[in-house]
Amino acid sequence: MKVGYTEFSFGYAFTENLIRGSATAPTGAPVFPNLVQEATLGYDVQIGFPAVPLFFQYKLPELMTRASAFEIAGGLCPGLTLEFFRIALMRRDVSDQHRLLIDWEGRYPGQVFYAAPCLRDCAAFNSAYNTASVASRSILFSPAQIGPLPDDKVHTIAYKPGLSYGYFCSEPRQIEAVTFESVTRNLSRKFKNKNVRDFRATAQEVRQAVLEAASPVWRQTEDAVAGRVRQALPPVAADGSGLQPDREQAILDVLVAREIARIDMGIDLVIAQPR
């Protein structure tokens, strides 16, 4: 059964609720496809504070409501009962997306996830959005824990709200289901780590990492992307208000990295900071 809302709507709502609505989540830098001015209007960059990048690959599920679903019919997934959700991973012969996510997680352990909602229909989705709980009512899965795809067939993950695990299929194998609350707890610990850099340094590092992983075509367009982003940023006014150079450069680095990661790799980037 289709859930009724789109993957784009879910990704937008997840990020927007995460940044603006959660009382416990860290602050961060949301950047949406055609809202470049979110850089100055939608969040507060704290240059001297620690900053941790998070990478999300959003997945839209189908709601499984029939006992004929193979996960249920074959008794292959203990603990999984109706109703449950199923997402499909990108096939290996169609895209390198899953391999890329594993590579990213090797570089940023505990900071790269598949994100999928636990919202059965539009009514549940709208309610979660209005109460700023889309992120908290979603499930996250580690690409590295899933491991490399074994073949070019379709592979799926079955999950159910309330379970601390899901199943990677077609040969079901239990994997951990991560809540966003646990991610925020881990982030709180990371922020105290002396090796975690401030926003400026993190932004520069992430931009370089994204460029290294990007396709040759997108590496060549870096300057053009940066030029478009820079034009959308407000200039420093005569009274000294507006973006200062260090803040502007940090925002520019995040926006360029986010744009290339989103379009070239299908990964959404958020920079988290402590309150």
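Right above here is the structure, for reference.
Computed from a prediction, not measured in an experiment: that's the story for all the values here.

**Q** Break down the overall build of the protein chain for me, with residues and values.
**A** When helices and strands are counted, the protein chain shows 11 helices and 10 strands. The buried share among the 275 residues of the protein chain stands at 49%. A sequence separation of at least 24 residues applies to 74% of the contacts in the protein chain between residues at least 6 apart. With an accessible surface of roughly 12800 Å², the protein chain has 52% of that area assigned to carbon and sulfur atoms.

**Q** Tell me about the packing of aromatic side chains, and name the residues and values.
**A** Counted by the stated rule, this structure contains 14 aromatic pairs. Arranged with centres 4.9 Å apart and planes meeting at 25°, the rings of Phe 55 and Trp 104 form a pair that is stacked. Of this pair, Phe 55 sits in strand S2 (residues 52-58) while Trp 104 is found in helix H4 (residues 97-107), placing the two residues 49 residues apart along the sequence. By relative accessible area, Trp 104 is classed as buried at 3%. An aromatic cluster is built from Phe 10, Phe 14, Phe 56, Tyr 58, Phe 113 and Phe 180, whose rings are joined through pairwise contacts.

**Q** Which residues make up unusual backbone geometry, and what are the values?
**A** Following Leu 82, the chain continues into Glu 83 via a peptide bond in cis, with omega recorded as -10°. Of note, Glu 83 is situated in the loop between helix H3 (70-73) and strand S4 (84-88).

**Q** So what's going on with helix H5 (residues 122-130)? Which residues, and what values?
**A** Buried residues of H5: Ala 124, Phe 125 and Ala 128, and no others. For H5, the arc enclosing every buried residue in end-on projection is 100°, short of the 170-degree limit, so these residues lie on one face. Those residues of H5 that are exposed and aimed more than 90 degrees away from the buried face are Ala 123 and Asn 130. For H5, the side-chain oxygen to backbone nitrogen distance between the N-cap and Ala 123 is 3.3 Å, and the N-cap itself is Asp 121.

**Q** Before we move on, can you summarise the nonpolar core with the specific residues and values?
**A** Most often, soluble globular proteins keep nonpolar side chains buried together rather than apart. Membership of the largest hydrophobic core comes to 76 residues, with the highest contact counts inside it found for Phe 14, Phe 56, Trp 104, Leu 140, Phe 141 and Phe 199. Of the residues forming this core, the biggest block, 10 residues, is contributed by helix H11 (residues 245-265). Setting aside residues no more than four positions away along its own chain, Phe 199 makes contact with Val 45, Gln 46, Ile 47, Phe 49, Ala 51, Ala 250, Ile 251, Val 254, Ile 271 and Gln 273. In terms of nonpolar packing, the next biggest core, distinct from the first, is built from 10 residues, Leu 80, Leu 163, Tyr 167 and Cys 169 among them.

**Q** Give a detailed account of the sheet that holds strand S8 (residues 165-169), specifying residues and quantitative values.
**A** Sheet architecture is open: 5 strands sit in the order S3-S4-S7-S8-S9, paired in antiparallel fashion. Edge strands, defined here as strands with exactly one partner in the open sheet, are strand S3 (62-64) and strand S9 (173-176). Averaged over all pairs of adjacent strands, the angle between strand axes in this sheet comes to 35°, irrespective of strand direction.

**Q** Lay out the pairing of S4 in plain terms, naming residues and giving numbers.
**A** Counting buried positions along S4 gives 4 out of 5 residues, so the element sits mostly inside the fold. By the bridge criterion, 3 bridges tie S3 to S4 in an arrangement that is antiparallel. For Glu 62, the partnering residue across the bridge sits in S4 and is Arg 86. By the bridge criterion, 4 bridges tie S4 to strand S7 (residues 156-159) in an arrangement that is antiparallel. Paired with Phe 85 across the two strands is Tyr 159, which belongs to S7.

**Q** Could you give an account of the pattern of salt bridges, naming the residues involved and the relevant values?
**A** This structure, assessed with the given rule, holds 16 salt bridges. With a closest N to O distance of 3.3 Å, Arg 107 and Glu 212 form a salt bridge. Placement of Arg 107 in helix H4 and of Glu 212 in helix H8 (residues 199-213) is noted, with a sequence separation of 105 residues between them. Among the ionic pairs, Arg 207 bridges to Asp 253, the shortest N-O distance being 2.8 Å. Of this pair, Arg 207 sits in helix H8 while Asp 253 sits in helix H11; the two residues are 46 residues apart in sequence, bridging distant segments of the chain. As far as the burial class goes, Arg 207 and Asp 253 line up, both buried. By sharing partners, the salt bridges in this structure join Glu 83, Arg 120 and Asp 121 into a single network.

**Q** Could you give an account of the side chain of Thr 202, with specific residues and numbers?
**A** Among the secondary structure elements, Thr 202 is positioned in helix H8. When neighbours within four sequence positions are excluded, Thr 202 is seen to be in contact with Ala 51, Pro 53 and Arg 197.

**Q** How would you explain the packing of helix H10 (residues 222-232) against H11 if you had to name every residue and give the values?
**A** It is at 9 Å that the axes of H10 and H11 come closest, and there the two elements cross at 125°. The pairing of H10 with H11 is recorded here as oblique in orientation. Handedness of the H10/H11 crossing: right-handed. Where H10 approaches H11, its residues Glu 222, Val 225, Ala 226, Val 229 and Arg 230 are matched on the opposing element by Glu 248, Leu 252, Leu 255, Val 256 and Glu 259.

Cut-offs used in this document
- One numbering rule holds for all chains: residues counted from 1, following each sequence as written.
- The predicted origin of the model limits local features to residues at a pLDDT of at least 70 and limits the giving and counting of side-chain atom pairs to 80 or more, whereas totals for whole chains, interfaces and linings rest on all residues.
- By convention in this description, side-chain values take in all heavy atoms of the structure and omit both hydrogens and water.
- Per the convention used, a helix needs a DSSP run of H or I reaching at least four residues, while a strand needs a run of E reaching at least two, with both numbered from the N terminus.
- Burial classification: accessible surface area is computed with a 1.4 Å probe over protein chains only, and a residue below 20% of its type maximum counts as buried, one above 50% as exposed, and the rest as partly exposed.
- By definition in these notes, contact holds between two residues if any of their heavy atoms fall within 4.5 Å.
- Computed by Shrake-Rupley with a 1.4 Å probe, the accessible areas treat only the displayed protein chains as cover when residues are assessed.
- Stacked, tilted and edge-to-face pairs are distinguished by plane angle, under 30 degrees for stacked and over 60 for edge-to-face with tilted covering the rest, among Phe, Tyr and Trp rings (Trp via its six-membered ring) whose centres lie within 6.5 Å.
- Starting at the helix axis, one direction is taken to each C-beta atom, and the arc is that of these directions.
- For the purposes of these results, a polar contact is taken to be a pair of N or O atoms within 3.5 Å, where, inside protein, one atom must be able to donate a hydrogen and its partner to accept one; residues adjacent in sequence count only when each atom of the pair is a side-chain atom.
- Only buried residues count toward a nonpolar core, which is a set of Ala, Val, Leu, Ile, Met, Phe, Trp, Tyr and Cys residues joined through side-chain atoms within 4.5 Å.
- Any two strands are treated as partners once DSSP identifies two or more bridges connecting them.
- To obtain an axis, a line is fitted to C-alpha atoms, over the contacting stretch when the element is a helix, and the angle between two such axes runs from 0 to 180 degrees between their N-to-C directions.
- We define a salt bridge as a contact between a side-chain nitrogen of Lys or Arg and a carboxyl oxygen of Asp or Glu at a distance within 4 Å.
- For classification purposes, angles smaller than 35 degrees are called roughly parallel, those larger than 145 roughly antiparallel, those between 65 and 115 roughly perpendicular, and all remaining angles oblique.
- Rotating anticlockwise by less than a right angle from the far helix to the near helix defines a left-handed crossing, while the corresponding clockwise rotation defines a right-handed one.

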